[in-house]
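Take a look at the letters that make up each chain.
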Amino acid sequence: MPTIDCLIHDASLVVTCAGPAPRRGDGQRDLRIERSAVIAGSGGRIVFVGPASVCRERFTVAPDTVMIDATGCSVLPGFVDPHTHVVFAGDRRDELRRRLAGATYAEIAVEGGGILSTVRATRAAGEEALVQASRGRLAEMLRNGTTTCEAKSGYGLTLEAELKMLRAVKRLAAMQPVELSPTFLGAHEIPAEFRQDRAAYVRQVIDVMIPAVAREGLAEWCDVFCETGVFTPEESLAILRAGRQAGLRPRIHADELAASGGWRVAAELGARSADHLLFIDREGAAALAAAGVVATLLPIASFYLKLGRFAPARLLIDAGVPVALATDLNPGGGFSASMPFAITLACFAMDMTLEEAIVAATINAAYALDRQDRVGSLEPGKQLDAVLVSSEPIDLIRIGARAVKAVVKNGKVVAGN
Ligand SMILES: [Zn+2]
């Protein structure tokens, strides 16, 4: 009989999220719950999910098998966070205090704050300083149950500084448990030195940065901040097409602050994911559904930026668009590393059900990063990445209650006890 090296036992229930990905429409609420199941792993992979008695008949427990007692707990797939700006230098908490006192984002930007202030700090930081600054944030994500996340560049905006950010992502991936999916976001903003000649910056991204990033194998994805006042749909198309030619697959920041046409770009290119989408309408939702694009929604950003609205999750789900959730962790408006907080806002600000939000944070988020074959659900063949919630899954929305009891990555307990 084969031996297992990890066993999660005595859970009250296991939310497996097993089955097809992505989930859309009614499927978005399909959690596939197993009651009194154990999860057995070997070499970091799941080999069995089901009744303890069947597990005993099929597998041997060795003296050094890691036994994880989940008595009274629910076990969920490790959360996947498919949109983060976790790597950056500098500190914009002062801007936050000023915004709370009434300053607008535009006023702060005019005075040199906003993204460009993070760009200055990130350009000035060494690669090692970037790694150290970001490591604590990844640990925070892990404690909140995130076992896989996306990580973008986009605060360098020069060839060297963008490469430095992506090299920092690569080093971080090797030194801590959260698995990282790297994204090149050279088109995050027009840097100050190109404000008079934005076309020249777009050419720099296409002709210089994308080939260099691809040559070094530093990114899986190419992203653009397609938004009124940032990059136009035409510029976004050109950049994402160039990225795809170089092997960097497209994803996009779309329609966050206005109806900017980002969803059209996503649909035309068949981007893996269109993110934010506060201003998408019925036509846009139908186009994303037809093109098979995931809508990655970031309610934490809407909340902290006080945008006064949230993405129309119900419209998207009803149109058959698979919905994923992410934190948008970033220095200016993404002040939470917590997927449980994203789930909470999905339920209370976007009218999603708890089941829809959990699918959005696990299997659909894994699909948004093209990792649905490896993570996002608890089923044989996948990585043993799991979150132990101290009682029912709905405890995840009790912010402040420390619902996440322990986190398992590749069959090892990496946070909690
Ligand atoms: Zn973003």
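## Brief notes about the overall build of the protein
Part 1 of the argument: Of the regular secondary structure elements, the protein holds 15 helices and 18 strands.
Part 2 of the argument: Counting across all 417 residues of the protein, residues that qualify as buried make up 57%.
Part 3 of the argument: Taking the intrachain contacts of the protein between residues at least 6 apart in sequence as the baseline, contacts between residues at least 24 apart amount to 72%.

## Comments concerning the environment of Leu 138
Part 1 of the argument: Tracing the chain through its elements places Leu 138 in helix 5 (residues 127–143).
Part 2 of the argument: Among the residues examined, Leu 138 registers 24 C-beta atoms within 10 Å and is labelled buried.
Part 3 of the argument: Each C-alpha atom, one on Leu 138 and one on Thr 148, is 9.9 Å from the other, the two residues being 10 residues apart in sequence.
Part 4 of the argument: Ignoring sequence-local partners within four residues, the contact set of Leu 138 consists of Val 86, Leu 172, Gln 176 and Val 178.

## Concerning unusual backbone geometry
Part 1 of the argument: Looking along the chain, the bond that leaves Ala 21 and enters Pro 22 is cis, with omega of -5°.
Part 2 of the argument: Here Pro 22 is to be found in the loop between strand 2 (13–15) and strand 3 (33–35).
Part 3 of the argument: Not every positive phi belongs to a glycine, and Lys 306 is a case in point at roughly 50°.
Part 4 of the argument: Taking the number of C-beta atoms within 10 Å as the measure of exposure, Lys 306 has 11 and is therefore exposed.
Part 5 of the argument: In this structure, Asp 351 is a non-glycine residue whose phi angle is positive, near 60°.
Part 6 of the argument: Structurally, Asp 351 can be placed in the loop between helix 13 (339–349) and helix 14 (354–361).

## With respect to the pairing of strand 11 (residues 221–226)
Part 1 of the argument: Burial analysis of strand 11 places 6 of its 6 residues in the buried class, which makes it a mostly covered element.
Part 2 of the argument: Judged by which residues are buried, strand 11 turns out to be covered on both faces: Trp 221, Asp 223 and Phe 225 on one side and Cys 222, Val 224 and Cys 226 on the other are all buried.
Part 3 of the argument: Where strand 11 and strand 12 (residues 249–254) come together, 6 bridges link them in parallel fashion. Looking at strand 12, one finds that Phe 225 is bridged to His 253.
Part 4 of the argument: Assessed by its sense of winding, the connection that carries the chain from strand 11 through helix 8 (residues 233–245) to strand 12 is right-handed.

## Some words on the sheet that holds strand 11
Part 1 of the argument: Taken in spatial order, the 8 strands line up as 8-9-10-11-12-13-14-15 in an open sheet, and their pairing is parallel. What marks the edges here is a single partner per strand, and that holds for strand 8 (79–81) and strand 15 (323–325). Each adjacent strand pair in this sheet contributes to an overall mean axis angle of 25°, direction not counted.
Part 2 of the argument: Against the sheet, helix 8 engages strand 10 (179–187), strand 11 and strand 12, with an angle of about 175° to strand 11.
Part 3 of the argument: Taken strand by strand, helix 13 contacts strand 8, strand 9 (146–152), strand 14 (294–297) and strand 15, and its axis lies near 135° from that of strand 15.

## Looking at the domain arrangement of the protein
Part 1 of the argument: On domain assignment, one finds that the protein holds domain 1 (3–78 + 377–416) and domain 2 (79–368).
Part 2 of the argument: One C-alpha centre belongs to domain 1, the other to domain 2, and the line joining them spans 29 Å.
Part 3 of the argument: Contact residues are listed per partner, giving 28 residues for domain 1 and 30 residues for domain 2.
Part 4 of the argument: Secondary structure elements with two or more residues in the side of domain 1 that touches domain 2: strand 7 (74–77), strand 17 (404–409) and strand 18 (412–416).

## Quick word on the pairing of strand 12
Part 1 of the argument: Of all 6 residues in strand 12, 5 are buried, a share of seventy percent or more.
Part 2 of the argument: Direction of pairing for strand 12 relative to strand 13 (residues 273–276): parallel, over a ladder of 4 bridges. Residue pairing for strand 13: Ala 254 is matched across the bridge by His 276.

Reading guide: rules and limits
- Residues numbered from 1 in each chain as written.
- Predicted model: local features only at pLDDT ≥ 70, side-chain atom pairs only at ≥ 80, totals over all residues.
- Helix = DSSP H or I, 4+ residues; strand = E, 2+ residues; numbered from the N terminus.
- Buried ≥ 20, exposed ≤ 12 C-beta atoms within 10 Å, placed from the backbone.
- Contact = placed C-beta atoms within 7 Å.
- Pairing = 2+ DSSP bridges.
- Right-handed = clockwise from strand over helix to strand, strands pointing away.
- Axes fitted to C-alpha atoms, helices over the stretch in contact; angles between N-to-C directions.
- Domains from an automatic or database assignment.

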